[in-house]
Amino acid sequence: MPVSLLTCVTNGGGMGPGHSCIDVNGTVYTFQDIDWGGNASGWLQFSLKKYLARNVHRPVIVQKMNSVVSDGKVLKYILGSITNDDDYLGSGVCSSQAANAIESGYHGSFNTWGVDTPYDIYKLAKKKRMVASEAMHWPGEKDCNFFVKNSIKATLMYMGAGKHV
């Protein structure tokens, strides 16, 4: 089964740190604030198609991991985290959980010390040569206003992200 790191570029309005999540064989596992500001956080699951449809307002960069990342170990980490009922207070935010999942499936050290944003995780995966291919999905680009689009494009430049697919 292929494993991909999904990096959602920015939050609403073209600002903010974005979001990291994991796709294992077409199922996206996203660690987030479940009740939007309440006390619940944890893993949600969506089909890749549905997840991308929910995020047309911002680019989603899909980095397919190469064979150095074991899909079974990544999935084992995520399912264990779900069983443990991990939340933001004890387990970290989306990017740290995505990094932990990838590290659990990596044969070496992903070494995420000091790496705490989706952009950092994106760059670290490239630096570690874990990425077999990369694609960017942003079908809502044409609907973004000038300022939001330019803010997002500046973030993409900062990240060193590739071309649209």
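Residues numbered from 1 in each chain as written. Predicted model: local features only at pLDDT ≥ 70, side-chain atom pairs only at ≥ 80, totals over all residues. Heavy atoms only, no water.

1. Let's talk about the overall build of the protein
Alright, step 1. Helices and strands together make up the secondary structure of the protein, namely six helices and six strands.
Alright, step 2. Going from N to C terminus, the protein has its helices and strands arranged as β-β-β-β-α-β-α-α-α-α-β-α.
Alright, step 3. Along the first, second and third principal axes, the C-alpha atoms of the protein reach 45 × 40 × 30 Å.
Alright, step 4. Here the protein holds 165 residues, and the buried ones make up 45% of them.
Alright, step 5. The contacts in the protein between residues at least 6 apart in sequence include a share of 64% that link residues at least 24 apart.
Alright, step 6. By element, 56% of the accessible surface of the protein is carried by carbon and sulfur atoms, the whole surface being about 8500 Å².
Alright, step 7. Counting 16 positive and 13 negative side-chain charges, the protein places the averaged centre of each group 11 Å from the other. (Helix = DSSP H or I, 4+ residues; strand = E, 2+ residues; numbered from the N terminus. Buried < 20%, exposed > 50% of the residue type's maximum accessible area, 1.4 Å probe, protein only. Contact = heavy atoms within 4.5 Å. Areas by Shrake-Rupley, 256 points an atom, 1.4 Å probe, with all protein chains shown as cover. Lys, Arg positive; Asp, Glu negative; His and termini not counted. Charge placed at Lys NZ, Arg CZ, Asp CG, Glu CD.)

2. Structural notes on helix α4 (residues 94–105)
Alright, step 1. The end-to-end C-alpha distance of α4 is 17 Å, a good match for the 16 Å that 12 residues give at a rise of 1.5 Å each.
Alright, step 2. Among all positions in α4, only C94, S95, Q97, A98, A99, A101, I102 and G105 are buried. (Expected span 1.5 Å × (residues − 1).)

3. Observations concerning unusual backbone geometry
Alright, step 1. The residue N25 is not glycine, and still its phi comes out positive at about 55°.
Alright, step 2. When you line up the elements, N25 lands in the loop between β2 (19–24) and β3 (27–33).
Alright, step 3. According to the relative accessible area criterion, N25 is partly exposed, its value standing at 46%.
Alright, step 4. Unlike most non-glycine residues, R129 shows phi in positive territory, near 60°.

4. Observations concerning the pairing of strand β5 (residues 60–65)
Alright, step 1. By the criterion of burial, β5 is predominantly enclosed, with five of the six residues buried.
Alright, step 2. With five bridges connecting them, strand β1 (residues 3–8) and β5 associate as antiparallel partners. Bridge pairing in β5 links C8 to V60.
Alright, step 3. Here β5 runs beside strand β6 (residues 131–137); their pairing, made up of six bridges, is antiparallel. Counted as the bridge partner of K64 is S133 from β6. (Pairing = 2+ DSSP bridges.)

5. A closer look at helix α2 (residues 71–83)
Alright, step 1. Between its first and last C-alpha atoms α2 spans 18 Å; for 13 residues at 1.5 Å apiece the expected length is 18 Å, and the two agree.
Alright, step 2. Every buried residue of α2 is listed here: D71, V74, L75, I78 and S81. Projected down its long axis, α2 shows its buried positions confined to an angular sector of 125°, all on one face. For α2, the exposed residues lying more than 90 degrees away from the buried face are K73, K76 and T83.
Alright, step 3. In this structure, the buried side of α2 is in contact with β1, β2, β3, β4 (41–47) and α4.
Alright, step 4. Phi turns positive one or two residues past the end of α2, at D85, with a value near 55°. (Arc of directions from axis to C-beta.)

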